[in-house]
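Spelled out from the first residue to the last, the chains are:
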Amino acid sequence: TKNTGALRGENQAEFPAEGVAANKVDAQGETSPSKIILSGNFNVVSGFNEKEAQETLEKRKSMGHFRSPSAGSAFKNIPEKNLIAGKLIDECGLKGFSIGGAQIAPWHGNFFINPQNKANGSDFFVLRDFVIKTVKEKTGIILEPEIIYI
């Protein structure tokens, strides 16, 4: 179901948003209604720091965020246990592993990439499930997906 509405930012400025109603699945497998923003236009009215923005962009570039088509971090970190998802995936020997056209980035264990633009949705689902299973078998830890699949 397509929805349109308005979101309110920190400064209470309204901006239009377009989204799709979806069910969010939490770590226990429970679902709850949610909205996913598909597009939006944002205007910063105060507090923008050009230097900080440039530093953040450079940091993301150095981590490989823009080397290949990617949806960003595949799994959530577990801060209360001081666990970093990418490090766990690396320690399980999965960096660079691929299924179909989907690959775990060779430079960062928590990025799923599409290096040759040949992956389909099923490739990413199978890769996600394989990583969850492998990390659980090797460490006992169940990773929670960061990417919301709709």
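Residues numbered from 1 in each chain as written. Predicted model: local features only at pLDDT ≥ 70, side-chain atom pairs only at ≥ 80, totals over all residues. Heavy atoms only, no water.

J.: Tell me what's going on with a nonpolar patch on the surface, and back it up with residues and numbers.
T.: A cluster of nonpolar side chains, contributed by Leu38, Ile148 and Ile150, occupies part of the molecular surface with about 340 Å² of accessible area. When you line up the elements, leucine 38 lands in strand S3 (residues 31-40). (Patch = residues over 30% accessible without salt bridge, like charges linked within 9 Å, V, L, I, M, F, W, Y side chains within 5 Å. Areas by Shrake-Rupley, 256 points an atom, 1.4 Å probe, with all protein chains shown as cover. Salt bridge = Lys/Arg side-chain N within 4 Å of Asp/Glu carboxyl O. Helix = DSSP H or I, 4+ residues; strand = E, 2+ residues; numbered from the N terminus.)

J.: How would you explain helix H3 (residues 121-139) if you had to name every residue and give the values?
T.: Helix length check: H3, at 19 residues, gives a terminal C-alpha distance of 27 Å against a target of 27 Å (1.5 Å per residue), a fit within 8%. Among the residues making up H3, those that are buried are Asp123, Phe124, Leu127, Arg128, Val131, Ile132, Thr134 and Val135. Where H3 is buried, its residues touch helix H2 (85-91), strand S5 (98-99), strand S6 (102-104) and strand S7 (111-113). Sitting at the amino-terminal end of H3 is asparagine 120, which places a side-chain oxygen 3.0 Å from the backbone nitrogen of serine 122. Of the residues trailing H3, glycine 140 is marked for its positive phi of about 85°. (Expected span 1.5 Å × (residues − 1). Buried < 20%, exposed > 50% of the residue type's maximum accessible area, 1.4 Å probe, protein only. Contact = heavy atoms within 4.5 Å. Polar contact = N/O pair within 3.5 Å; in protein donor to acceptor, adjacent residues only side chain to side chain.)

J.: Describe in detail the packing of aromatic side chains, supporting the description with residues and values.
T.: Applying the stated criterion across every chain, the model contains two aromatic pairs. Between the aromatic rings of phenylalanine 75 and phenylalanine 112, the centroid separation amounts to 5.7 Å while the plane-to-plane angle is 85°, which identifies the pairing as edge-to-face. Taken together, the residues phenylalanine 75 in the loop between strand S4 (70-73) and H2 and phenylalanine 112 in strand S7 connect sequence positions 37 residues apart. Across this residue pair, the class does not change: phenylalanine 75 and phenylalanine 112 are buried. Look at phenylalanine 97 and phenylalanine 130: their rings are 4.7 Å apart centre to centre, the planes differ by 15°, and that puts the pair in the stacked class. Within this pair, whereas phenylalanine 97 is found in the loop between H2 and S5, its partner phenylalanine 130 is found in helix H3, the two being separated by 33 residues in sequence. Owing to a relative accessible area of 30%, phenylalanine 130 belongs among the partly exposed residues under this scheme. (Phe/Tyr/Trp six-rings, centres within 6.5 Å; stacked < 30°, edge-to-face > 60°.)

J.: So, the side chain of threonine 134: which residues are in play, and what are the values?
T.: The topology assignment puts threonine 134 in helix H3. For threonine 134, a relative accessible area of 8% translates into the label buried. Looking at threonine 134, its side chain comes within polar contact range of the main-chain oxygen of phenylalanine 130, at 2.8 Å. Discounting chain neighbours no more than four positions away, the residues touching threonine 134 are Cys92 and Leu94.

J.: Lay out the side chain of glutamine 103 with the relevant residues and their values.
T.: By secondary structure assignment, the location of glutamine 103 is in strand S6. Reaching out from glutamine 103, the side chain makes a polar contact with the backbone oxygen of glycine 96 at a distance of 3.0 Å. When sequence neighbours within four positions are dropped, the list of residues in contact with glutamine 103 reads Gly96, Phe97, Ser98, Phe111, Phe112, Ile113, Pro115 and Leu127.

J.: I'd like a rundown of helix H1 (residues 50-62), residues and numbers included.
T.: Between its terminal C-alpha atoms H1 stretches 18 Å, which fits the 18 Å expected from 13 residues at 1.5 Å a residue. Near the N-terminus of H1, the side chain that reaches the backbone nitrogen of lysine 51, with its oxygen 3.0 Å away, is that of asparagine 49. Within two residues after H1, glycine 64 carries a phi angle of roughly 95°, on the positive side.

J.: Describe the pattern of salt bridges, listing the residues and the values that go with them.
T.: The tally for this structure, following the rule as stated, stands at seven salt bridges. Where glutamate 58 meets lysine 61, a salt bridge forms, and the shortest distance between an N and an O atom there is 3.8 Å. Placement of the pair is glutamate 58 and lysine 61 together in helix H1, with a separation of three residues, close to one helical turn. Overall, the relative accessible area of 39% leaves glutamate 58 in the partly exposed class.

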